[in-house]
Amino acid sequence: MSRTLTGLRYRLRPHPGQERILARSAGACRWLWNWALAYREDLWLAARSAGARGFRGSTGYVHLSSLLPGLKERYPWLSEAPHHALQATLRDQDRAFSSFFAGKSGYPRYRRKGERDSIRFPDPKQFAVDGDWVKIPKLGWTRFRLSRPVTGRVRNITLSREGAHWGVSFCAEGQFSLPNRGLPAVGLDLGAVQSVTTSDGRVVSFPVTTPSEDRRLRWLQRKASRRLKGSARRSRTLAGLAKLKRHLVNRRRDAAHKLSTRLATAHAAIVIEDLKLRRMTASAAATTEEPGRNVRRKSELNRRMLAHGLSDFRRMLAYKCERSGARLVAVDPSFTSQTCSQCKHCAPGNRKSQAVFLCAACGHHANADLNAALNILAAGQAVTAQGGSGVAPADELRTHPRRRPPARLAPTGIPAKAAAAA
Ligand SMILES: [Zn+2]
């Protein structure tokens, strides 16, 4: 098995002095990100008025980082942040733009204070890890909560804020293999409802919000909307809301981790639907209940969590299968929900409801998700029998339209192809 990268995240335990440095460094990185973004856009606008067309290569890391010393002279507080972290910020922006130009992600956005604050250290010479201590430039030795051992060789670290706390993520390189019990292949139906159904008849539901959590969410949302914008009381309420949402998301992620590990270590092959061949618009309608106001808001959060949870689950399944040697096969999901798994009769009328499958030809009666999971398994076995590669494409559920570039850069400020893909 080849060496791979893995991310390990821990809660950082900085003392108050270190926390101040962290906040200032994150502020400097955020400022630099926004400055560089505005600088790029200004360059594009200037080039556009001069008649140029393509802007992809107009500026980038090499040029921008050469401006850093001048910036530091002009804004001395920039030097409070570690130099490597500032450089890493510029590199990250380069990556964000290449991903945007490749049509893989939306237009890079301006960062706001407290929103995804992070500091990255790309150079292993700059830091050290010893037990539950990590040495970080400008901060010195800092403690973190060693919730599991740090394995592999740490390549780079990222410090990021999560609510009131800071976390440290180690990106480690090593051989992270998982065992595999070699059980027969299994097909998965990732439902529009909050569950995964396996072809051997098991149903695992990912946790959704409970009624009392819904009430609390709504109560906090109402409270926040009553508070004055920019007030301390409002930001406290918003922090409470963010904390609750994080808790719900973490709970879901935990369930996804448990299920993906269990499947990847048990079966020799796992068959899933190829999402590139399926549009997810239908699932939004399927989970939207009565069009009452509160119901809508509730289902919106649940729908988003579900979509993220399922794409998380697929991503986890992909890397865990790689580690356990299980084969992950992605198949065309068309007609899997209306074909009879027993006699292969295919008709839209076979699916009586969200839950019930009843074959019009042979009378086979089953749970609709289980029937679909069996079809997915059969399709996967057909693919592998034909010598198919069995490689699952890296795909994701897209729940929001991609961010577009600001209007002032359109229509010619960004190459037309990238703008269309955005
Ligand atoms: Zn049938």
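Residues numbered from 1 in each chain as written. Predicted model: local features only at pLDDT ≥ 70, side-chain atom pairs only at ≥ 80, totals over all residues. Heavy atoms only, no water.

### Some thoughts on the packing of helix H5 (residues 211–226) against helix H6 (residues 232–266)
Contact geometry of H5 with H6 gives a least axis separation of 9 Å together with a crossing angle of 155 degrees. The orientation of H5 with respect to H6, classified from their angle, is roughly antiparallel. Helix-helix and strand crossings are classified by hand; for H5 and H6 the assignment is left-handed. Of H6, the residues touching H5 (which contributes Glu 213, Arg 216, Leu 217, Leu 220, Gln 221, Lys 223, Ala 224 and Ser 225) are Arg 234, Thr 237, Leu 238, Gly 240, Leu 241, Leu 244, Lys 245, Leu 248 and Arg 251. Its residues assigned to classes, the contact of H5 with H6 comprises seven nonpolar, four polar and six charged. (Axes fitted to C-alpha atoms, helices over the stretch in contact; angles between N-to-C directions. Helix = DSSP H or I, 4+ residues; strand = E, 2+ residues; numbered from the N terminus. Parallel < 35°, antiparallel > 145°, perpendicular 65-115°, else oblique. Left-handed = near helix turned anticlockwise from the far one by under 90°. Contact = heavy atoms within 4.5 Å. Nonpolar A, V, L, I, M, F, W, Y, C, P; charged D, E, K, R; others polar.)

### Things to note about H5
Between its terminal C-alpha atoms H5 stretches 23 Å, which fits the 22 Å expected from 16 residues at 1.5 Å a residue. Regarding H5, the residues found buried are Glu 213, Asp 214, Leu 217, Leu 220 and Ala 224. On an axial view of H5, the arc spanned by its buried residues comes to 130 degrees, and they lie on one face. For H5, the exposed residues set more than 90 degrees away from the buried face come down to Pro 211, Arg 215 and Arg 226. (Expected span 1.5 Å × (residues − 1). Buried < 20%, exposed > 50% of the residue type's maximum accessible area, 1.4 Å probe, protein only. Arc of directions from axis to C-beta.)

### Brief notes about the nonpolar core
The biggest cluster of nonpolar side chains holds 33 residues, and the ones touching the most others in it are Ile 119, Ile 157 and Leu 159. Top element by residues in this core is helix H1 (residues 16–49). It accounts for six residues. Excluding anything up to four places from it in sequence, Leu 159 contacts Leu 12, Leu 22, Asp 117, Ser 118, Ile 119, Phe 121, Ile 136, Trp 166, Gly 167 and Val 168. With 20 residues, the next largest nonpolar core counts Val 196, Ile 270, Met 316 and Ala 330 among its residues. (Core = buried A, V, L, I, M, F, W, Y, C linked by side-chain atoms within 4.5 Å.)

### What about the coordination of the zinc ion?
Each protein donor to the zinc ion is listed here as Cys 340 (SG), Cys 343 (SG), Cys 359 (SG) and Cys 362 (SG); together their distances run 2.2 to 2.4 Å. If you look at the zinc ion, its four donor atoms make angles of 108 to 111 degrees with each other, and the shape they trace is tetrahedral. In the primary sequence, the donor residues of the zinc ion line up as C-x2-C-x15-C-x2-C. Among the residues examined, Cys 359 registers a relative accessible area of 4% and is labelled buried. Under the relative-accessibility criterion, Cys 362 is labelled partly exposed at 44%. (Donors = N, O, S within 2.8 Å, 3.2 Å for Na, K, Ca; no water. Tetrahedral: all angles 85-135°; square planar, octahedral: opposite > 155°, others 65-115°.)

### Focus on unusual backbone geometry
The phi dihedral of Phe 335 falls on the positive side, at around 65 degrees, and the residue is not glycine. Checked against the element boundaries, Phe 335 lands in the loop between strand E12 (327–331) and strand E13 (356–358). Residue Phe 335 is classed as exposed on the basis of its relative accessible area, which comes to 52%. The phi torsion at Lys 344 lies on the positive side, around 70 degrees, for a residue other than glycine. Secondary-structure assignment places Lys 344 in the loop between E12 and E13.

### Some remarks on the sheet that holds strand E9 (residues 195–198)
For sheets, the rule is that strands pair by backbone hydrogen bonds, running either parallel or antiparallel. On the basis of which strands lie adjacent, the open sheet formed by five strands has the order E10-E9-E8-E11-E12 and mixed pairing. Either end of the sheet is taken by a strand with one partner, and the two such strands are strand E10 (203–205) and E12. Between one strand axis and the next, the sheet turns through 25 degrees on average, direction left out of account. Alignment of strand E8 (residues 186–190) against strand E11 (residues 269–273), held across two bridges, turns out to be parallel. Bridge assignment links Val 186 to a residue of E11, and that residue is Ile 270. (Pairing = 2+ DSSP bridges.)

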